[in-house]
Structures are given as C-alpha cells and as structure tokens.
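# Coordinate analysis (summary)
Residue-level listing of the chains:
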Amino acid sequence: MKSFNWKNPTMLLLTAFIWGSAFVAQSVGMDSMGPLTFSCVRSIIGSIVLVPCIIVLDRWKSPQERERVAQMDLRTLLLGGVSCGVVLCVASNLQQFGIQYTSVGKAGFITALYIVIVPVLGLFLGRRCGLKVWLAVLIALVGFYLLCMTGGFSLERGDVYLLCCSVLFSCHILVIDHFSPLVDGVKMSCIQFLVSGVLSGIGMFLFETPTVEGILAGAGSVLYAGVLSCGVAYTLQIVGQTNYNPTVATLLMSLESVFSVLTGWVVLHQKLSVRELSGCVLIFIAVILAQLPEKEKQSVS
C-alpha cells in the first residue's frame with residue numbers, strides 16, 4: 001500500500017473550511033458595495049497580506065530551498081500568476097453576478113459542478129483517473145444535489161453565469177496544477193490576486209459607482225474575505241495542489257459547500273433537513289473514498 005499523504009489533503013481541507021465559513025461575510029459585504037467593487041478590494045487586500053508572508057517564509061527557507069527557488073524562471077512565475085489571476089477574476093465575478101439572479105442553493109449546486117468538469121477536462125490533457133475517483137465524483141454529485149437543490153431545476157440567466165463560472169474554476173484548478181510545481185506557490189498567489197484586483201478595479205470604475213462609505217460599511221466582511229478567503233485559503237490551495245491529483249483536490253475543496261451549510265447551522269442556528277444532512281454525509285463519503293490509498297501493482301518476476 002502507498003503511504004498516506006496527509007500534508008496536501010490537510011491544506012485543501014482547511015481551504016474548503018475557510019471558503020465555506022466566509023460565505024456569510026461575502027453575502028453581507030454585497031449589501032454595501034457592488035460585486036466588482038467587492039472583488040477588487042478583497043483581491044487587493046489578499047495580495048497585500050501575502051507580501052509580509054513571502055518575506056517571512058523566505059527567511060525560514062533552508063539554503064537548499066533558497067537555491068532551488070533562485071533557479072526558478074521569473075517569466076514562468078509571472079506567466080503563472082497572471083494566468084491564474086485572469087481566470088480567477090472572471091470566475092469569481094461571474095459567481096457574484098450569478099448569485100444576484102438565482103437562489104443560493106441552486107448557485108451552490110451549479111458551482112459545485114466543477115467536481116465533474118475537472119476530471120473531464122483532465123482527460124483532454126492526458127490525465128486519467130481510476131474507477132474509485134470517478135465513483136467518488138458521482139457520489140459527491142448526488143450529495144450536492146441533495147444538499148443544494150430543494151426545488152425544481154430550470155436554467156435561468158443567473159444559472160448560465162454560474163455554469164460559466166464553474167467551467168472557469170475548473171480551468172483555474174488545472175492552471176494551478178500546471179504551474180505550482182514550477183514556481184513559488186505563495187509568490188504566484190500574491191501575483192494572481194494583484195492581477196485579479198486590478199482587472200476587477202477596471203470593471204468597477206467602468207460599470208459601478210464605488211464609494212468610500214460603502215467600502216467602509218462592509219469593511220469587516222471584505223477584510224475577512226480578503227485576509228482569510230483570499231490571502232490564506234487560495235495560497236493553501238496552490239501549495240496543497242502541488243504534485244497532487246487535481247481531481248482528488250477538487251473533491252476536497254468542494255467541501256466548501258458542506259462547511260458553509262454546517263457553519264450556518266452552528267453559528268446562525270439554521271436547521272438542516274434530513275435531505276441536507278444526507279447530502280453532507282454523501283459528500284464526506286466521496287472525499288474519504290477518493291483519499292483511500294491505491295494498491296500498488298506487484299511486479300511479476
């Protein structure tokens with residue numbers, strides 16, 4: 001049996017928890033500012049927060065690690081940061097727009113479709129998954145339906161935005177999977193947020209009327225989303241995805257929706273139905289199934 005890798009799953013699980021618990025903050029922040037303004041401010045905050053982290057982490061690195069990082073191509077780092085930033089900017093803003101036109105439950109289900117899209121896109125990139133992982137994806141998909149969909153399903157304007165958002169989040173995961181082994185993950189995360197913030201800022205001034213009063217009114221929400229959801233969680237995603245199966249990583253990060261529901265249950269005292277609890281259980285089963293180590297094939301002498 002292969003030894004269990006605890007480092008990557010732990011980082012990705014913590015990522016999902018932070019994203020899920022930040023749901024309330026994101027919703028409240030949208031009450032005082034537009035979606036582009038919220039995305040711009042939170043992304044810039046996330047980028048700024050990572051600067052001291054980069055300085056501290058560089059000092060903690062061993063001489064061998066410093067030499068390895070010094071040999072990394074600056075152009076690859078910039079290309080990775082810009083590529084991730086552009087995709088993240090469009091995906092996150094499409095999600096914000098979509099939520100305005102549809103229910104939160106349906107938004108959660110459609111966004112969670114990236115758990116299917118990632119392995120499908122991976123097939124075109126030559127990444128094949130075993131039967132166990134595909135079974136986990138199917139179980140998780142059923143779980144998300146039970147968790148998020150409480151009524152009928154119909155495709156509306158907001159749903160189209162969210163479907164496009166799900167495809168782009170899938171692309172974001174695969175782009176990170178490509179660049180994270182080649183560059184410093186924290187530095188790439190810092191660059192991606194700067195790019196996302198600048199692009200969202202351009203859209204903010206073109207299509208919205210941001211005010212200092214509005215931003216200050218949602219300061220608590222945007223700080224929580226910027227520092228934890230952006231600065232901490234997305235960096236954990238990049239580091240946690242390094243040399244790790246992107247489909248399994250996707251299943252772990254998809255627990256965001258489960259943690260969102262559970263946080264509402266614990267903090268806001270929102271009751272969960274048997275259907276919703278069943279969905280949570282199925283998703284947890286899917287994640288555990290995907291984490292079970294594969295049996296190594298014994299060579300025939």
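Owing to the predicted nature of the structure, the values given are computational and were not obtained by experimental measurement. Per chain, residues are indexed from 1 in the order of the written sequence. Selection of residues for local features in this predicted model requires a pLDDT of at least 70, selection of side-chain atom pairs for listing and counting requires 80 or more, and totals for whole chains, interfaces and linings are taken over all residues. Excluded from the side-chain calculations are hydrogens and water; all other atoms, namely the structure's heavy atoms, are used.

What follows concerns the confidence of the model for the protein. By definition, pLDDT measures how confident the predictor is in each residue, and it falls between 0 and 100. With 85% of its residues at a pLDDT of at least 70, the protein reaches an overall mean of 81. Two residues qualify as a contact provided that any one of their heavy atoms is within 4.5 Å of a heavy atom in the partner residue. Within the model, the stretch residues 297–301 combines pLDDT values under 50 with zero contacts to residues more than four positions away or in other chains.

The next point concerns the packing of helix α9 (residues 157–179) against helix α12 (residues 219–241). One way to put it is that α9 packs onto α12 with a least axis distance of 9 Å and a crossing angle of 55°. Of the possible angle classes, the one that applies to α9 and α12 is oblique. As α9 runs across α12, the sense of the crossing is right-handed. Contacts between α9 and α12 involve Phe169, His172, Ile173, Ile176 and Asp177 from the first element and Tyr234, Gln237, Ile238 and Gln241 from the second. In terms of residue class, the contact of α9 with α12 is made up of five nonpolar, three polar and one charged. An axis is simply a line fitted to the C-alpha atoms; with a helix, the fit covers only the stretch in contact. Between two such axes, the angle follows the N-to-C directions and lies from 0 to 180 degrees. Strands are runs of DSSP state E lasting at least two residues, helices are runs of H or I lasting at least four, and both sets are numbered from the N terminus onward. Should an angle lie under 35 degrees it is considered roughly parallel, over 145 roughly antiparallel, and from 65 to 115 roughly perpendicular; all remaining angles are considered oblique. The crossing is said to be left-handed when, going from far helix to near helix, the turn is anticlockwise and less than a right angle, and right-handed when the turn is clockwise. Nonpolar residues are Ala, Val, Leu, Ile, Met, Phe, Trp, Tyr, Cys and Pro. Charged residues are Asp, Glu, Lys and Arg, and all others, Gly as well, are polar.

Here the focus is helix α5 (residues 74–99). Here α5 is 26 residues long and its end C-alpha atoms lie 37 Å apart, about the 38 Å a rise of 1.5 Å per residue gives. We define a polar contact as two N or O atoms separated by no more than 3.5 Å, with the added condition that, inside protein, one atom must be a possible hydrogen donor and the other a possible acceptor, whereas residues neighbouring each other in sequence contribute only through side-chain atom pairs. Of the residues flanking the start of α5, the one acting as N-cap is aspartate 73, its side-chain oxygen 3.1 Å from the backbone nitrogen of arginine 75. Helix span, expected: 1.5 Å multiplied by one less than the number of residues in the helix.

What follows is about the packing of helix α3 (residues 35–60) against α5. At a minimum axis distance of 9 Å, the contact between α3 and α5 shows a crossing angle of 145°. When the axes of α3 and α5 are compared, the crossing they make is right-handed. Contacts between α3 and α5 involve Pro35, Leu36, Phe38, Ser39 and Arg42 on the former and, on the latter, Asn93, Gln96 and Phe97. Within the contact of α3 with α5, the residues separate by chemical class into four nonpolar, three polar and one charged.

With that settled, the discussion passes to the pattern of salt bridges. What counts as a salt bridge is simple: a side-chain nitrogen of Lys or Arg found within 4 Å of a carboxyl oxygen of Asp or Glu. Enumeration according to the criterion identifies one salt bridge in this entry. We note a salt bridge from aspartate 73 to arginine 75, for which the minimum N-O separation is 3.6 Å.

The biggest cluster of nonpolar side chains holds 44 residues, and the ones touching the most others in it are Phe169 and Met253. Other than its neighbours up to four places away in sequence, methionine 253 contacts Leu12, Ala16, Trp19, Tyr114, Ile173, Gln237 and Gln241. Each nonpolar core is a collection of buried residues, namely Ala, Val, Leu, Ile, Met, Phe, Trp, Tyr and Cys, held together in the definition by side-chain atoms within 4.5 Å. Only protein chains enter the calculation, and the probe is 1.4 Å; a residue is then buried if its accessible area is under 20% of its type maximum, exposed if over 50%, and partly exposed in between.

As for its placement among the helices and strands, valine 160 is situated in helix α9. Counting along the chain gives 62 residues from valine 160 to glycine 98, while the straight-line C-alpha distance between them is 7.7 Å.

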